[in-house]
Structures are given as structure tokens and as C-alpha cells.
Amino acid sequence: MNNDILIISAVISFVIAAVCGPILIPVLHRLKFGQEIREIGPSWHQKKSGTPTMGGFIFIIPILVCTLAFIRTSTATALVLFALSFGVVGFIDDYIKVVKKRNLGLTEKQKFLMQLLFSVLFICISLYWLELIDTKIFIPFAKTEIDFSWFYIPLALFVLIGTTNSVNLTDGVDGLAASVTVVVAVFFAIYAFGCQMYDIAAVNIISAASLAGFLIFNRHPAKVFMGDTGSLFLGGLVCSNALLMKNPLILIVAGGVYVIETLSVILQVASFKMTGKRIFKMSPIHHHFEMCGWSEVKIVTVASLVTMALCVVSYFASI
């Protein structure tokens, strides 16, 4: 891909996101699409009640526009359309919360079934129709490939649904999910360049630029939240990247912050059910650090630095 086009598309992506914010945020205010803060969260988060949600459109729009305008390959299209399908699930969830005033949105069963449907479609189209992937998976550190044969589909489903919901859990303090995902997207771009998957690299550079534009409005104190619309889109983007690069296991390392967020919830629930005691002051773990006195800015900074370190490890584990 032409380097000039790549730079231009990234700049345009950032600019569109930066321009969308001042346009979209007042609209969300007028529509009263404000986030209701659940009482089980940290008490000081109540002051965020009414902050516009569904702000994920600020970065979704430029990612779609720039990808479809500048990178018209089947791989890039499949990547962003799968992310968009999960974004649709998030939008429905957000719509139910803010318009129908049902704070829990979709039920877990409804959300899971929709994610399962879109994941099956993505795998079948990518594996059997477009032949963008096969049943072989690269094993980081060992630096070899293993053919998972029939077991590939359930493994891929677990990666797609599990990763997406992990990213969703990470979206709990201002700028956290967006900042961590910027780092992961840059890592995927560098890794994809090394693998000569230039269209995937370009999508990730565009995504990182768009998220940087979004962070103008989402950094603490946030003027807008991405909502499930944004977090599920990002989850779909991250996991489909890994699958299309035939290296989904690298998410365990590069996406270590997502993994830790999810494990903290699982451990908290398991501990309470088995012993009646909690391991953390609150889960996901970013709330634990808040309860320990960490500011949101410190949590985001540390999580981003940890992700950078993990991505460096991931890079050398995969080349």
C-alpha cells in the first residue's frame, strides 16, 4: 500500500473523529442519551450520570469511511464489517438502556446469541467463502503453527466472543478502553507490516488515529462515553485482527489488560460464591485500584504502559 495514502487516511481518520465529537455530543445531549450510573459502582461515579453515551460513533464512522474509501480489500472489509456487527449489538444494548430506560440493556442470553450468530457468520465467510484464514494457528514463543482441524471453529468462537466481552469490561473509567486499544492497534499494525499484511496494518493505523481523535473527548473528565456501541465494536476489531493474522493466542499477551480485567471478575465471583469473601475491593480490577485511591488518569496511564510492555513481548514472541 502506498505510504502517502496510508498517512493521508490516518490523518483523515483523526480529523473526522475530532470533528465528529463537537457535532455528535450536543446531539446526544439533546436526545437525552445520557449514561445511567449503576449504584453498585464506585459512589463517586454518580457525578458522571447523564454524560452522553453511544460516543463510539465518533471513532466508528472514520474507521469505516477511511477503510472502505482507501483500503478496498476483502480482508480489510471483512475485518471492519465484523467489528461493525458487534457494534450493532452494542448499539441495541445502549438503545434499550437510554431510550427504553432499562439500565441492564439486553439480557446476557440475548447478547450472547447475537454475538454467537455474527461470530459464526464471520468464521464461515472468512474460512470457507473468502478463504482468508485456514485452520492453522501460529503458536507464539514456540514460533510454529498447529493445525487445529475441526477444533478451530469452537476455539475461534471462544476468541471472538471472549475477547469482545473482555474489551467491554475494560471500558469502566474515562479513556481506559480507548487508550489500551490504541496501543494494541499500533502493535497489530507493526506486526502486520512485518507479515506483509499491509491492508490489516492500514486498518489498524486508521483505527489508532481515530481512537486518538476520540480520546480528545473521552479522556478524564470524559465529555462522552463510547458505550457498548463502541466497546463491542473495538472488541470485534481486536479479535478479528488476531484471527485474520492467524495468531489469536497472542491476545493473551498483547491483550493482557483485557484478560486481567476479565479474570478479576471471574475470581471475584468464584471467591464470593465459595467462601463468602471478596478478593478485590470491587471488580473489574480498575475499580479495585480506584477504591485503593488511584486516580482515573493513573489507572489509564499504568494500563497503557503495561500494554506497551506486553505488546513488545508479543512482537518478539511472534517474529
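Located above this text is the structure these notes cover.
None of these values were measured; they are calculated from a predicted model.

A. Layout of the overall build of the protein chain. Helix and strand content of the protein chain: twelve helices and two strands. For the protein chain, the succession of helices and strands along the chain, N to C, is α-α-α-α-β-β-α-α-α-α-α-α-α-α. In terms of C-alpha radius of gyration, the protein chain reaches 19 Å, essentially the compact-globule figure of 20 Å for 319 residues. Counting across all 319 residues of the protein chain, residues that qualify as buried make up 53%. For the protein chain, long-range pairs separated by at least 24 residues make up 74% of all intrachain contacts whose partners lie at least 6 apart in sequence. When the accessible area of the protein chain is evaluated, it comes to approximately 14400 Å², of which 69% is carbon and sulfur surface. Charged side chains in the protein chain number 22 positive and 17 negative. The centres of these two groups are separated by 8 Å.

B. Looking closely at the side chain of Ser240. You can see Ser240 is positioned in helix 8 (residues 227-244). In this structure Ser240 comes out as buried when scored by relative accessible area, which is 0%. Only 2.6 Å separates the side chain of Ser240 from the backbone oxygen of Gly236, close enough to count as a polar contact. Apart from the residues within four sequence positions on either side, Ser240 is in contact with Leu79, Phe82, Phe122 and Leu160.

C. Broad picture of the nonpolar core. Judged by nonpolar contacts, the single largest core of 85 residues is most densely connected at Ile58, Phe59, Phe122, Phe188 and Phe233. Ignoring anything within four residues of it in the chain, the contact list for Phe59 reads Ser210, Leu211, Phe214, Met226, Gly230, Phe233 and Leu234.

D. How the structure looks around helix 6 (residues 176-194). For helix 6, built from 19 residues, the straight-helix expectation of 27 Å at 1.5 Å per residue is met to within 8% by its first-to-last C-alpha distance of 28 Å. For helix 6, a buried count of 15 out of 19 residues is recorded, marking the element as mostly surrounded by other parts of the structure. Where helix 6 terminates, the next one or two residues include Gln196, which has phi positive at roughly 60°.

E. The arrangement of the pattern of salt bridges in detail. Scanning all chains against the criterion turns up five salt bridges. Its salt-bridge partner being Asp93, residue Lys111 comes within 3.2 Å of it at the nearest N-O pair. Linking Lys111 in helix 4 (residues 108-129) with Asp93 in helix 3 (residues 74-98), this pair joins segments that are 18 residues apart in sequence. Each member of the pair, Lys111 together with Asp93, is buried. The closest approach of N and O atoms between Asp228 and Lys97, which form a salt bridge, is 3.3 Å. You can see Asp228 sitting in helix 8 and its partner Lys97 sitting in helix 3, a full 131 residues away along the chain. Taken as a pair, Asp228 and Lys97 share a single burial class, namely buried. Each of Asp93, Lys97, Lys111 and Asp228 takes part in one network of salt bridges that share partners.

F. Geometry of unusual backbone geometry. His220 connects to Pro221 through a cis peptide bond whose omega is -5°. In the segment running from Ser283 into Pro284, the intervening peptide bond is cis, with an omega of 0°. Among the secondary structure elements, Pro284 is positioned in the loop between helix 10 (256-275) and helix 11 (285-291). Even without being a glycine, Phe141 presents a positive backbone phi close to 70°.

G. Region of interest: the pairing of strand 2 (residues 144-147). As judged from the four bridges shared by strand 1 (residues 136-139) and strand 2, these two strands associate in the antiparallel manner. Of the residues in strand 2, the one forming a bridge with Ile137 is Ile146. From the end of strand 1 to the start of strand 2, which pair antiparallel, there are four residues, and Phe141 there has a positive phi angle of about 70°.

H. Representation of a nonpolar patch on the surface. On the surface, Ile7, Val11, Phe14, Val15, Val19, Ile23 and Ile216 cluster together into a nonpolar patch covering about 590 Å² of accessible area. The biggest single contributor to the nonpolar patch is helix 1 (residues 3-30), with six residues. The topology assignment puts Val15 in helix 1.

Rules behind the numbers
Residues numbered from 1 in each chain as written. Predicted model: local features only at pLDDT ≥ 70, side-chain atom pairs only at ≥ 80, totals over all residues. Heavy atoms only, no water. Helix = DSSP H or I, 4+ residues; strand = E, 2+ residues; numbered from the N terminus. Rg over C-alpha atoms; globule rule 2.2 N^0.38 Å. Buried < 20%, exposed > 50% of the residue type's maximum accessible area, 1.4 Å probe, protein only. Contact = heavy atoms within 4.5 Å. Areas by Shrake-Rupley, 256 points an atom, 1.4 Å probe, with all protein chains shown as cover. Lys, Arg positive; Asp, Glu negative; His and termini not counted. Charge placed at Lys NZ, Arg CZ, Asp CG, Glu CD. Polar contact = N/O pair within 3.5 Å; in protein donor to acceptor, adjacent residues only side chain to side chain. Core = buried A, V, L, I, M, F, W, Y, C linked by side-chain atoms within 4.5 Å. Expected span 1.5 Å × (residues − 1). Salt bridge = Lys/Arg side-chain N within 4 Å of Asp/Glu carboxyl O. Pairing = 2+ DSSP bridges. Patch = residues over 30% accessible without salt bridge, like charges linked within 9 Å, V, L, I, M, F, W, Y side chains within 5 Å.

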